[in-house]
Amino acid sequence: MSNPKINLIPDSVDGWQKTLADHQYIAERSLATAIYLSVKLSKPLFVEGEAGVGKTEIAKVLTEVLERPLIRLQCYEGLDVASALYEWNYAQQILQIRFWEAAGELAAPDCDQPAPHTVKDIFTSQFLLKRPLLQAVDQVNGPPVLLIDELDRADDEFEAFLLELLAEFQITVPELGTLRAPQPPVVIITSNRTREIHDALKRRCLYHWIDYPSLEKEYRIVRARVPAAPEFLAQQVVAFVQALRNEDLYKPPGVAETMDWLNALIALDQRELDEATVNDTLGALLKYHDDVRQMQGGLTSKLVKKITL
């Protein structure tokens, strides 16, 4: 009989770096150190960097390594506490009240006649819609990995609300009382730095900045994530993207765009780069019209010649 799978959490920085690589996430030692400390000290990890450099992937790979559920809160402008925390299922509550009334089981407010139910009975966990933050505290399936993604998109008011949650990992529902997390979740907070996050929140977290990778690191990422890519094509794509980031673009491509572009080229059965194919597939690499127009205005030819010299 085979032995059950044992989940071994890395107990060192080197162990985390190797384990992350085993899960196709290539991390420098500094990032592996931040992840190790975040898990060991139960302290949120706040990660900043350009879009597409692998911030969100940290939370995803942690769910695999730790074998925990992933709870993701995608931030956006106007995000309020109700959408992130909880709401009452008003439609279900109204239906329940009507059912009790029809069955004669609801006590009238001005009647002394006893009945099995009162209006207060609809404020129970049965009618509570748990949003991501409450799910992370309630922990029905054990302590999760909580990803608070792109916090810079949310308003200052929501950021202020997070301060209490990150400090205590407890949430008060007036009708039910205070709910406390049995264990702190592993928390990853990401930001694309479209605005500055307040120091008060940063002080509650470990901090790490993820920059665009070096050529060597990006090639290792590509080989790990797109193993089907021809070696020469992968080398050319990484060299091209690295050179492209040095140009004056509105939005340089991230690693995610590098892999999207490489997958597009594989789908077209490309074995190497040429100017025509690059121009035809720019939509997989660049997401702004001005950048695409700049490429088609002569930059593509320049960069293709540069990497093929």
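Just so you know, these numbers come straight off a predicted model, no measurement behind them.

A.B. asks: I keep staring at the layout of surface pockets and nothing clicks. Help me out?
C.D. replies: A water-sized probe, rolled over the atoms, reveals where empty space remains. Each pocket or cavity is described by its volume, and for the largest pocket that value is around 420 Å³. Around the largest pocket sit 26 residues that line it, and Gly52, Val53, Gly54, Lys55 and Glu57 are the ones nearest its centre. Listing elements by their share of the lining of the largest pocket, those giving two or more residues are helix 3 (55–66), helix 9 (215–225) and helix 11 (255–267). Here the lining of the largest pocket gets four residues from one element, more than from any other, and that element is helix 3. Per-class residue counts for the lining of the largest pocket are 11 nonpolar, six polar and nine charged.

A.B. asks: How should the environment of Gly54 be read in this particular structure?
C.D. replies: Take Gly54: it is sitting in the loop between strand 1 (45–49) and helix 3. In this structure Gly54 comes out as buried when scored by relative accessible area, which is 18%. Taking the C-alpha atoms as reference points, Gly54 and Gln74, separated by 20 residues in sequence, lie 16 Å from one another. Leaving out residues up to four positions away in the same chain, Gly54 has contacts with Tyr25 and Ile210.

A.B. asks: Just to check I follow, could you spell out the side chain of Asp149 for this structure?
C.D. replies: Along the chain, Asp149 turns up in strand 5 (residues 145–149). A polar contact is formed between the side chain of Asp149 and the side chain of Thr56, at a distance of 3.0 Å. Setting aside its immediate chain neighbours within four residues, Asp149 contacts Thr56, Arg72, Leu73, Gln74, Cys75 and Thr190.

A.B. asks: How do you make sense of the nonpolar core when you look at a structure like this?
C.D. replies: Soluble globular proteins tend to pack their nonpolar side chains together in the buried interior. With 37 residues, the main nonpolar core has Leu133, Ile148, Leu151, Phe158, Ile189 and Leu201 as its most contacted residues. Of all elements in the fold, only strand 2 (70–74), strand 3 (86–88), helix 5 (90–102), helix 6 (132–138), strand 5, helix 7 (156–168), strand 6 (170–173) and strand 8 (186–191) reach the threshold of two or more residues within this core. The leading source of residues in this core is helix 7, at five residues. Not counting chain neighbours up to four residues away, the residues in contact with Leu133 comprise Leu73, Ala84, Leu85, Leu146, Ile148, Phe158, Phe161, Leu162, Leu165 and Ile171. In this structure, Val222, Leu285, Val292 and Leu299 belong to the second largest nonpolar core, which totals 31 residues.

A.B. asks: Before we go on, may I ask you to explain unusual backbone geometry in this structure?
C.D. replies: What you tend to see is this: most non-glycine residues have negative phi, and most peptide bonds are trans. A positive phi is found at Arg193, a non-glycine position, where the angle reads about 60 degrees. Residue position: Arg193 is located in the loop between strand 8 and helix 8 (199–202). For Arg193, a relative accessible area of 42% gives the class partly exposed. Its identity is not glycine, yet Asp269 carries a phi of approximately 60 degrees, on the positive side. Relative to the helices and strands, Asp269 is located in the loop between helix 11 and helix 12 (275–280). Judged by relative accessible area, which is 65%, Asp269 ranks as exposed.

A.B. asks: It is not clear to me how the pairing of strand 7 (residues 177–180) should be interpreted in this structure. Could you clarify?
C.D. replies: Two faces make up the sheet, and in a regular strand the side chains alternate between them. Strand direction decides the pairing type here: strand 6 and strand 7, joined by four bridges, are antiparallel. In the sheet register, Thr172 faces strand 7, and the bridge partner there is Thr178. Linking strand 6 back to strand 7 in an antiparallel pair, the connection comprises three residues.

A.B. asks: Whenever I open this one, the pattern of salt bridges confuses me. Can you help?
C.D. replies: Opposite charge on two side chains lets them pair, provided their charged atoms get close. In this structure the tally under the stated criterion is 16 salt bridges. Across the salt bridge formed by Arg29 and Asp14, the nearest N and O atoms sit 2.3 Å from each other. On the criterion of sequence distance, the pair formed by Arg29 in helix 2 (residues 29–41) and Asp14 in helix 1 (residues 13–22) is long-range, its members being 15 residues apart. Taking the relative accessible area as the measure of exposure, Arg29 reaches 46% and is therefore partly exposed. Among the salt bridges present, the one from Arg195 reaches Asp156, with a minimum N-O distance of 3.3 Å. Residue Arg195 is located in the loop between strand 8 and helix 8, and its partner Asp156 is located in helix 7; the two are separated by 39 residues in the primary sequence. Linked through salt bridges whose partners overlap, the residues forming this network are Glu57, Lys60 and Arg225.

A.B. asks: Could you clarify how one ought to interpret the environment of Ala267 in this entry?
C.D. replies: Looking at the element boundaries, Ala267 is found in helix 11. For Ala267 and Ser214, which are 53 residues apart along the polypeptide, the C-alpha to C-alpha distance reads 26 Å.

A.B. asks: Help me understand helix 5, please; the structure alone is not making it clear to me.
C.D. replies: One full turn of an α-helix is made of 3.6 residues, so residues set three or four places apart face in the same direction. Look at helix 5: 18 Å from first C-alpha to last across 13 residues, which is about the 18 Å you get at 1.5 Å a residue. If you check which residues of helix 5 are buried, you get Gln93, Gln96, Ile97 and Trp100. Across the axial projection of helix 5, the buried residues extend over an arc of 100 degrees, all falling on one side. With respect to the buried face of helix 5, the exposed residues turned more than 90 degrees away are Ala91, Leu95, Arg98, Phe99 and Ala102. Packing partners of the buried residues in helix 5 comprise strand 3.

Cut-offs and rules
- Residues numbered from 1 in each chain as written.
- Predicted model: local features only at pLDDT ≥ 70, side-chain atom pairs only at ≥ 80, totals over all residues.
- Heavy atoms only, no water.
- 1 Å grid on protein atoms, 1.4 Å probe; cavity = no way out; pocket = protein on both sides within 12 Å on 5 of 7 lines; lining within 4 Å.
- Points joined across faces, edges and corners; volume = space filled by probe spheres on them.
- Helix = DSSP H or I, 4+ residues; strand = E, 2+ residues; numbered from the N terminus.
- Nonpolar A, V, L, I, M, F, W, Y, C, P; charged D, E, K, R; others polar.
- Buried < 20%, exposed > 50% of the residue type's maximum accessible area, 1.4 Å probe, protein only.
- Contact = heavy atoms within 4.5 Å.
- Polar contact = N/O pair within 3.5 Å; in protein donor to acceptor, adjacent residues only side chain to side chain.
- Core = buried A, V, L, I, M, F, W, Y, C linked by side-chain atoms within 4.5 Å.
- Pairing = 2+ DSSP bridges.
- Salt bridge = Lys/Arg side-chain N within 4 Å of Asp/Glu carboxyl O.
- Expected span 1.5 Å × (residues − 1).
- Arc of directions from axis to C-beta.

Nothing here speaks to function; it is all geometry.
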